[in-house]
Amino acid sequence: MFGLFKKKTELEKLQEEYKKLQKESFDLSKSNRQKSDAKLKEADDIAKKIDRLKAENN
């Protein structure tokens, strides 16, 4: 109940976006390999941002 209006951190937003792109890449891999690879590249870029944020926080 108390977490209902809690704002998401930048890290949480990036992690959600990463998961979404990974799923889209997997779904596209069955039909269009080029688009799948593009989504995977986007996900990789976000993973690098996540790593940088984690490094800054530690």
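Our subject is the structure that appears above.
The structure presented is a predicted model; accordingly, all values stated were derived computationally and were not measured. (Residues numbered from 1 in each chain as written. Predicted model: local features only at pLDDT ≥ 70, side-chain atom pairs only at ≥ 80, totals over all residues. Heavy atoms only, no water.)

Caption draft 1: Main features of the packing of helix H1 (residues 10–28) against helix H2 (residues 33–57). Here H1 crosses H2 at 160°, and the two axes come no closer than 8 Å. Relative to H2, the element H1 is oriented roughly antiparallel. In this structure, the crossing between H1 and H2 has a hand that is left-handed. Among the residues making up the contact of H1 with H2, the classes are represented as 11 nonpolar, 4 polar and 9 charged. (Axes fitted to C-alpha atoms, helices over the stretch in contact; angles between N-to-C directions. Helix = DSSP H or I, 4+ residues; strand = E, 2+ residues; numbered from the N terminus. Parallel < 35°, antiparallel > 145°, perpendicular 65-115°, else oblique. Left-handed = near helix turned anticlockwise from the far one by under 90°. Nonpolar A, V, L, I, M, F, W, Y, C, P; charged D, E, K, R; others polar.)

Caption draft 2: The arrangement of the environment of Leu53 in detail. Mapped onto the fold, Leu53 is located in helix H2. Residue Leu53 is classed as partly exposed on the basis of its relative accessible area of 22%. Here the alpha-carbon distance between Leu53 and Lys23, two residues 30 residues apart in the chain, equals 23 Å. In contact with Leu53, other than residues within four places in its own chain, are Glu10, Leu11 and Leu14. (Buried < 20%, exposed > 50% of the residue type's maximum accessible area, 1.4 Å probe, protein only. Contact = heavy atoms within 4.5 Å.)

Caption draft 3: Structural view of H2. In this model, H2 (25 residues) spans 36 Å end to end at C-alpha, consistent with the 36 Å of a helix rising 1.5 Å per residue. Each element contacted by the buried residues of H2 is listed here: H1. (Expected span 1.5 Å × (residues − 1).)

Caption draft 4: Just the environment of Asp37, in detail. Residue position: Asp37 is located in helix H2. Sequence spacing of Asp37 and Glu24 is 13 residues, and the spatial spacing of their C-alpha atoms is 10 Å.

Caption draft 5: Expanded view of the nonpolar core. Ranked by size, the top nonpolar core spans 5 residues in total: Leu14, Leu21, Ala43, Ile46 and Ile50. Within the residue set of this core, elements represented by two or more residues are H1 and H2. A total of 3 residues in this core trace back to one element, the largest contributor, which is H2. Excluding residues that lie within four positions of it along the chain, Leu21 makes contacts with Lys39, Glu42, Ala43 and Ile46. (Core = buried A, V, L, I, M, F, W, Y, C linked by side-chain atoms within 4.5 Å.)

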